[in-house]
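Structural overview for review
Letter by letter, the chains look like this.
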Amino acid sequence: MGQKTLHILNGDSLKDRLDQVDYLDGDVMIWREMLCEGPTIKVLESEESLQKRREFLKRYYRIPFEDYNNKFVNQLDIFRQKKNYDEIVLWFEYDLFCHINLIAAISLLLRSGYSKSKITLVCSGWVGKEKQLLGLCEINEKQLLSHYGKRSILTTEDLEFADFIWTIYCEADPHKFAGQIKKQTSFQYLSSCLRAHLQRFPNMLTGLNTMEHNILEMVNNYQIKNTRQLLGYALEYQGYYGYGDMQMKRVVARLFQFFNQTDERLLLSDRGILAIEEKKNFYNTQQLEWYYGGVRKYDFLYDKESHKLLKL
């Protein structure tokens, strides 16, 4: 009998791409979630956890309960079937969006009894002499198949570490990440993602986080005509975050008080100038009930000098 393989893909675009090269043998699960935003519970598959996710996605992204059930919850049936897979291949990218989903998937695999299966990782990022990080759908066919052929075999220590990081993410104390950032594992980009995650908390001087500050700098430094063009810049030059259109639109929309729109271009308002010069703190104008896993975003401040979080 041939080997039984489960491929866990980071999205539908990758499924379409892999179908073109006819390289998927075995079962396929598509991980249609964005766990880098909103509340999470460690036992992701529990009804309490899924209900929290449904409510968050409906409230902030207008995703109906039925869509979430069809696109994600129903996909979890593959774990409930307890199939005896010889290998489980995880296809995720270099960014924070993918890595939070990745560690959640590994935690779920361990709880589902797949610790004895061979678990491997296909992860894109720096490729050859390219000057920027690339996603799995951005590399060519030869590179994609090469990534698959050279996939990393995750050790027991790797899997337990990923589960541990997921546990910390779902708890209320992000300080615990500090001691894990430099740990050597098979996850090449995890350290960069954890640093990016800590920088999502508001800067102690301005009340804006690193991504929000970078978007204001784009408006200040480039001839950007309108918020639509700004969105394109923000998506293209976001570094390790990996946010999609829906997420980035929401980030940009909450920054409107810092912009002035003229006939020719988008400019910083007086508030925007004060923010990038770190001359005024806008924490009180930005607050909302927003969670990263188990942590309320506005319960901590980021100190860019020490790279540490301060609890309010």
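Scroll up to find the structure this text is about.
These remarks concern the structure in this document. (Residues numbered from 1 in each chain as written. Predicted model: local features only at pLDDT ≥ 70, side-chain atom pairs only at ≥ 80, totals over all residues. Heavy atoms only, no water.)

On to the sheet that holds strand 10 (residues 295–296), then. The sheet built from three strands is open, its strands ordered 3-9-10 with mixed pairing. One side of each edge strand has no neighbouring strand; the edge strands of this open sheet are strand 3 (38–39) and strand 10. Of the pairings in the sheet, the one linking strand 3 to strand 9 (residues 291–293) comprises two bridges and is parallel in character. Its bridge partner lying in strand 9, Pro39 is registered against Gly293. (Pairing = 2+ DSSP bridges. Helix = DSSP H or I, 4+ residues; strand = E, 2+ residues; numbered from the N terminus.)

Turning our eyes to something else, we now look at a nonpolar patch on the surface. A cluster of nonpolar side chains, Met204, Leu205 and Leu310, forms an exposed patch at the surface whose accessible area comes to about 230 Å². For Leu205, the location among the structural elements is in the loop between helix 8 (190–198) and helix 9 (210–221). On the basis of relative accessible area, Leu205 is assigned to the partly exposed category, the value being 42%. (Patch = residues over 30% accessible without salt bridge, like charges linked within 9 Å, V, L, I, M, F, W, Y side chains within 5 Å. Areas by Shrake-Rupley, 256 points an atom, 1.4 Å probe, with all protein chains shown as cover. Salt bridge = Lys/Arg side-chain N within 4 Å of Asp/Glu carboxyl O. Buried < 20%, exposed > 50% of the residue type's maximum accessible area, 1.4 Å probe, protein only.)

On to the pairing of strand 1 (residues 5–9). Across the five residues of strand 1, five count as buried, placing the element largely inside the fold. Taking every second residue as pointing to the same face, both faces of strand 1 are buried, with Thr5, His7 and Leu9 on one and Leu6 and Ile8 on the other. Two strands pair when backbone bridges link them, and strand 1 and strand 4 (residues 87–92) are joined in this way by five bridges, in the parallel orientation. In the sheet register, Ile8 faces strand 4, and the bridge partner there is Leu90. The pairing of strand 1 with strand 2 (residues 27–30) spans four bridges and is classified as parallel. From the neighbouring strand, Ile8 faces strand 2, where its bridge partner is Met29.

Within the fold, Lys129 resides in the loop between strand 5 (118–123) and helix 6 (141–149). Considering only alpha carbons, one finds Lys129 and Thr40, 89 residues apart in sequence, at a separation of 37 Å.

Grouped together as the largest cluster of nonpolar side chains are 88 residues, with contacts concentrated most on Ile8, Trp31, Phe79, Leu90, Ile215 and Phe259. For this core, the element with the highest residue contribution is helix 5 (residues 96–111), accounting for eleven residues. Within the second largest apolar cluster, 14 residues are counted, among which are Leu14, Trp91, Val122 and Leu134. (Core = buried A, V, L, I, M, F, W, Y, C linked by side-chain atoms within 4.5 Å.)

The subject of this paragraph is the state of the cysteines. Counting across every chain of the model gives zero disulfides. No disulfide involves Cys137; its nearest neighbouring cysteine sulfur is the one of Cys98, lying 9.8 Å away. Overall, the relative accessible area of 35% leaves Cys137 in the partly exposed class. With no disulfide of its own, Cys170 has Cys36 as its nearest cysteine by sulfur position, at a separation of 13 Å. When its relative accessible area of 13% is taken as the criterion, Cys170 is described as buried. (Disulfide = S-S within 2.5 Å.)

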